[in-house]
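Chains, contacts and geometry: an overview
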Amino acid sequence: MSRAVILPARGGSTEIDEDRTVLDRLVAQIREAGCDDVTVLTRPGTDRPVKATQIVSADADADLAHIGEIAFAQDGPLYVACADLVASQTTVAAVLSDSSRRSGVLVGADDPSAAPVQVERGLVTGPGPGPVRLGGLAKVSAAHLARLERHWPRHAQGEDAFAGVLAALHARAVPVNAYRTGGLEHRQVQTADEAREVINAFEAVDMDAWRLKNAVKHDDDLFATYAVSTWSPKLVKLSARLGWTPTPITWVSIALAVAAAVIFAAAPAVLADDLVPWTYLGAAALMYFSFVFDCVDGQLARYTQNFSSFGGWLDMMADRSKEFLIYAGLAAGAVAGGAPAPAAWGLAIAAMATQTVRHTADTWYAVLLDTAVVRQARRRESAPPSGRAAHLGERLGSASEQVIGAHRSALYWAKRTVVAPVGERWLLLAVAAVAFGPQVALAALLTWQLLALGYTTAGRTLRSLAARTAALRRPDRAAHRDDGPLARIVPRTRLGGDMTPFAATAAAVLAAGAGVLAAALDAPPWVPFGLAALALVLAGSVARTDHDGILDWYIPAGLRAVELGAISAAGIAAGVAWPVLYLLLTVIALYFYDLAAGLDKAASPVARRDLGLGWPARSLIAIAAAAVAAATAPAVATVVYGVLAAYVAAVFVGAVVAGTVRASRTAAA
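For the structure given in this document, a descriptive report is provided here. Just so it is clear, the structure is predicted and the values come from calculations on it, not from any experiment.

Digging into the overall build of the protein chain
Along the backbone of the protein chain there are 24 helices and 13 strands. Relative to a compact globule of 669 residues, whose C-alpha radius of gyration would be 26 Å, the protein chain shows 27 Å and is just as compact. Projected onto its principal axes, the C-alpha positions of the protein chain cover 85 × 60 × 50 Å. For the protein chain, the residues scored as buried account for 51% of the 669 residues in total. Each charge sign in the protein chain was given a centre, from 58 positive and 57 negative side chains, and these centres are 6 Å apart.

Here is the structure:
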């Protein structure tokens, strides 16, 4: 349940019109944005009633004490506002409608009297020279309140409780998101004239047009920008007029992708060869409209300010599920058209594994950059970059920022496209499948993915040396490694050095890759089994070792590669049915994507992951089943792989349902 605390401010008692003050207006706005539990702190002697719970607070230190009492009394996010804030309903809702686990503060450039702050990568890092200034409205998520409970400040900074809350977040290295509503003026006012001036300024804006314009991402990829966003706002307005919410739009996108995958898989088996390309053209059209609706659901959420944690999580999970389903449809279609099953399904598995590893690395690279911003702002790691590689990484970072700053230039689009974004991947698959067939489409995609992986890995490694930040130095490291119960019995390694976990994981990735290659080349079964087991030992041996290295942010992606590679090597060597092998790997990949959703979207309904066994146990089960099957019959491994896939899927779905129900009950309480 969300709660809001409004801090005393002299301008809050300013009358805007008859019988309504700035404070009255703000209380009504907060309630309209969905927060009914509003507490107003007032100074002694204030006798004007407001339609909210009132607590008399002597000074700023007392304000902090009252905020702490309210914040830790129950679960849910906390919103802190200044009584003299005048803003549009859209601006207030921009903060209160954020259903993620992020914390943040409203900022703008319209109030010269407000405190200036520094903003980097969309994060408020502390006091700054401007022109960005605080806006008098902040959110502290429930997750971050838990981190602050034992470290809640007792004294306000400069007699300002609002600044004290922000300082507490910065002191605990909590990333503070910067909420912006550019073009909609907001200000903390002192007089009635100031209040009316601000209100007149944002009321002169066509709010519907503003929301529609800002619903479309201004920094989207090339295909989405010119092939979707040029007309998708019409669908957004139609959906809003019909009363649709973003989640049903997501399900429409999923249904279209399922239909496309079915066509890709079934057309070669049921149609004459000359009709298949035309049928594939229809599947390509379904893929396009699936991608359109995938863009529309997010645009509709921003247009209507109708956000939910489940909706954001579902959108991310649906993106990967649809893509992996298309891979499976193309592989099945290639086999039905006469291609060898190992070649077709092998390409699909390689594409799926590469994409999973890439996205995991992308997520943790973003964590690295955010961590670097927060820690460097606090001067925790002030050592300058050392070595040629670090200085080259620093120059690469500067060059990258300059290219991104040249919005929609040729270099900008080249940089955005070379990394194979989702729209361009779907375009390649659709066009190549129609023109050359599904196997060529998968091969072309895999080639592009590998090139993109090499490009991003090289640049990010150098930039990591310049950032000098240990992103995986965190208490929830074991959860993001997904080690499971087996990690508890692993002793701490005696090998020293910050590079030990990274080196062990890199060696494990090489061993797993060698195992897959050995299985694909029909080596004796003990070779891929031995290499897969070696990969498990290497990667698992450092589970309880401190992850203090500046390259350790690669480890979650490396562990994904180790598990997918070890299971693939064992499954190929044991003759597991290709669709079953692909199914197990896909279920595991989606299970990992939920971890990424917790970081990227700051939202996941999954609270417990212990029943998922952990990657070492799952890999060990797969290798053991494959070894038994190699000595008996391939059907043994196929059955075990299928049962393991069903188990992981059941655990995952059960955790999602339980988390969603729990969140609904909490919201209703």
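From this point on, the discussion continues.
Observations concerning the packing of helix α11 (residues 276-304) against helix α12 (residues 309-336)
The N-to-C vectors of α11 and α12 enclose an angle of 170 degrees; their axes lie 11 Å apart at closest approach. As summarised for this structure, α11 and α12 are arranged roughly antiparallel, according to the angle between their axes. Residues Tyr280, Met287, Ser290, Asp294 and Asp297 of α11 lie in contact with α12, whose contacting residues are Asp315, Asp319, Lys322, Ile326 and Gly333. Here the residues of the contact of α11 with α12 sort into 3 nonpolar, 2 polar and 5 charged.

Side note on a nonpolar patch on the surface
Together, Leu238, Leu242 and Trp244 line one region of the surface with nonpolar side chains, adding up to about 310 Å² of accessible area. Checked against the element boundaries, Trp244 lands in the loop between α9 (232-241) and α10 (246-270).

Looking at the packing of aromatic side chains
Summed over all chains, the structure comprises 15 aromatic pairs. Ring centres of Tyr288 and Phe289 lie 5.2 Å apart, and the angle between their planes is 70 degrees; on these two criteria the pair is classed as edge-to-face. A residue is classified by how much of its surface remains accessible, and Tyr288, at 24% relative accessible area, is partly exposed. For the pair Trp553 and Tyr554, a centre-to-centre distance of 3.9 Å together with 25 degrees between the ring planes defines the contact as stacked. When sorted by exposure, Trp553 lands in the same class as Tyr554, which is buried. An aromatic cluster is defined as three or more aromatic residues linked by ring pairs; in this entry it consists of Phe223, Tyr288, Phe289 and Phe291. Looking at Arg211, its charged tip hangs above the ring of Tyr303, at a distance of 5.0 Å from the centre. When the ring centre of Phe592 is taken as reference, the NZ or CZ atom of Arg560 above it lies at 3.6 Å.

Some remarks on unusual backbone geometry
Here the phi dihedral of Ala420 falls at roughly 60 degrees; this positive angle occurs in a residue that is not glycine. A relative accessible area of 1% means that Ala420 is categorised as buried. The phi torsion at Leu613 lies on the positive side, around 80 degrees, for a residue other than glycine. Tracing the backbone shows Leu613 in the loop between α22 (578-600) and α23 (615-631).

Concerning the pattern of salt bridges
Between side chains of opposite charge, a pair can form when the charged atoms approach closely. Taken as a whole and judged by the stated rule, the model has 16 salt bridges. With its nearest N and O atoms 2.7 Å apart, the salt bridge here joins Arg618 to Asp482. Of the two residues, Arg618 is situated in helix α23 and Asp482 in the loop between α18 (477-481) and α19 (500-520); the sequence distance between them amounts to 136 residues. Accessibility classification places Arg618 together with Asp482 in one group, the buried group. Salt bridges linked by common partners bring Asp208, Arg211 and Lys237 together as one network.

What about the layout of surface pockets?
Approximately 1,000 Å³ is the volume found for the second largest pocket. Along the wall of the second largest pocket there are 37 residues; nearest its centre are Ala353, Gly513, Val516, Ala561 and Gly565. Within the residue set of the lining of the second largest pocket, elements represented by two or more residues are α13 (341-377), α17 (438-467), α19 and α21 (555-574). Top element by residues in the lining of the second largest pocket is α19. It accounts for 10 residues.

Focus on empty space enclosed by the protein
Applying the stated rule across the entire model yields 3 cavities of 30 Å³ or more. Its volume calculated, the largest cavity comes out at about 70 Å³. Thr360, Thr363, Trp364, His480, Pro556, Arg560, Phe592, Leu595, Ala596 and Leu599 are the residues that line the largest cavity. Every element with two or more residues in the lining of the largest cavity is listed here: α13, α21 and α22. The greatest single-element share of the lining of the largest cavity, amounting to 4 residues, is contributed by α22. Its residues assigned to classes, the lining of the largest cavity comprises 6 nonpolar, 3 polar and 1 charged.

Observations concerning helix α3 (residues 89-96)
Counting buried positions along α3 yields 6 of 8 residues, so the element is predominantly enclosed. For α3, the set of buried residues is Thr90, Thr91, Val92, Ala93, Val95 and Leu96. Buried-residue contacts for α3 involve α1 (22-32), β6 (78-82), β8 (103-108), β11 (133-140), β12 (176-179) and α7 (207-215).

Thoughts on the environment of Ala635
Turning to its location among the elements, Ala635 is positioned in helix α24 (residues 634-668). Taking the C-alpha atoms as reference points, Ala635 and Arg101, separated by 534 residues in sequence, lie 45 Å from one another.

A look at the nonpolar core
Taken as a class, soluble globular proteins show a tendency for nonpolar side chains to be buried jointly. Residues Ile326, Tyr327, Trp553, Tyr582 and Tyr641 are the most contacted members of the largest nonpolar core, which totals 95 residues. At 15 residues, the largest contribution of residues to this core is made by α22. Excluding its chain neighbours within four sequence positions, the residues that come into contact with Tyr582 are Phe324, Tyr327, Ala328, Trp345, Ala348, Ile349 and Met352. Formed by 32 residues, the second largest nonpolar core is a distinct cluster that contains Val5, Leu41, Val117 and Leu145.

Calculation rules
- Residues numbered from 1 in each chain as written.
- Predicted model: local features only at pLDDT ≥ 70, side-chain atom pairs only at ≥ 80, totals over all residues.
- Heavy atoms only, no water.
- Helix = DSSP H or I, 4+ residues; strand = E, 2+ residues; numbered from the N terminus.
- Rg over C-alpha atoms; globule rule 2.2 N^0.38 Å.
- Buried < 20%, exposed > 50% of the residue type's maximum accessible area, 1.4 Å probe, protein only.
- Lys, Arg positive; Asp, Glu negative; His and termini not counted.
- Charge placed at Lys NZ, Arg CZ, Asp CG, Glu CD.
- Axes fitted to C-alpha atoms, helices over the stretch in contact; angles between N-to-C directions.
- Parallel < 35°, antiparallel > 145°, perpendicular 65-115°, else oblique.
- Contact = heavy atoms within 4.5 Å.
- Nonpolar A, V, L, I, M, F, W, Y, C, P; charged D, E, K, R; others polar.
- Patch = residues over 30% accessible without salt bridge, like charges linked within 9 Å, V, L, I, M, F, W, Y side chains within 5 Å.
- Areas by Shrake-Rupley, 256 points an atom, 1.4 Å probe, with all protein chains shown as cover.
- Salt bridge = Lys/Arg side-chain N within 4 Å of Asp/Glu carboxyl O.
- Phe/Tyr/Trp six-rings, centres within 6.5 Å; stacked < 30°, edge-to-face > 60°.
- Lys NZ or Arg CZ within 6 Å of the ring centre and 35° of its normal.
- 1 Å grid on protein atoms, 1.4 Å probe; cavity = no way out; pocket = protein on both sides within 12 Å on 5 of 7 lines; lining within 4 Å.
- Points joined across faces, edges and corners; volume = space filled by probe spheres on them.
- Core = buried A, V, L, I, M, F, W, Y, C linked by side-chain atoms within 4.5 Å.

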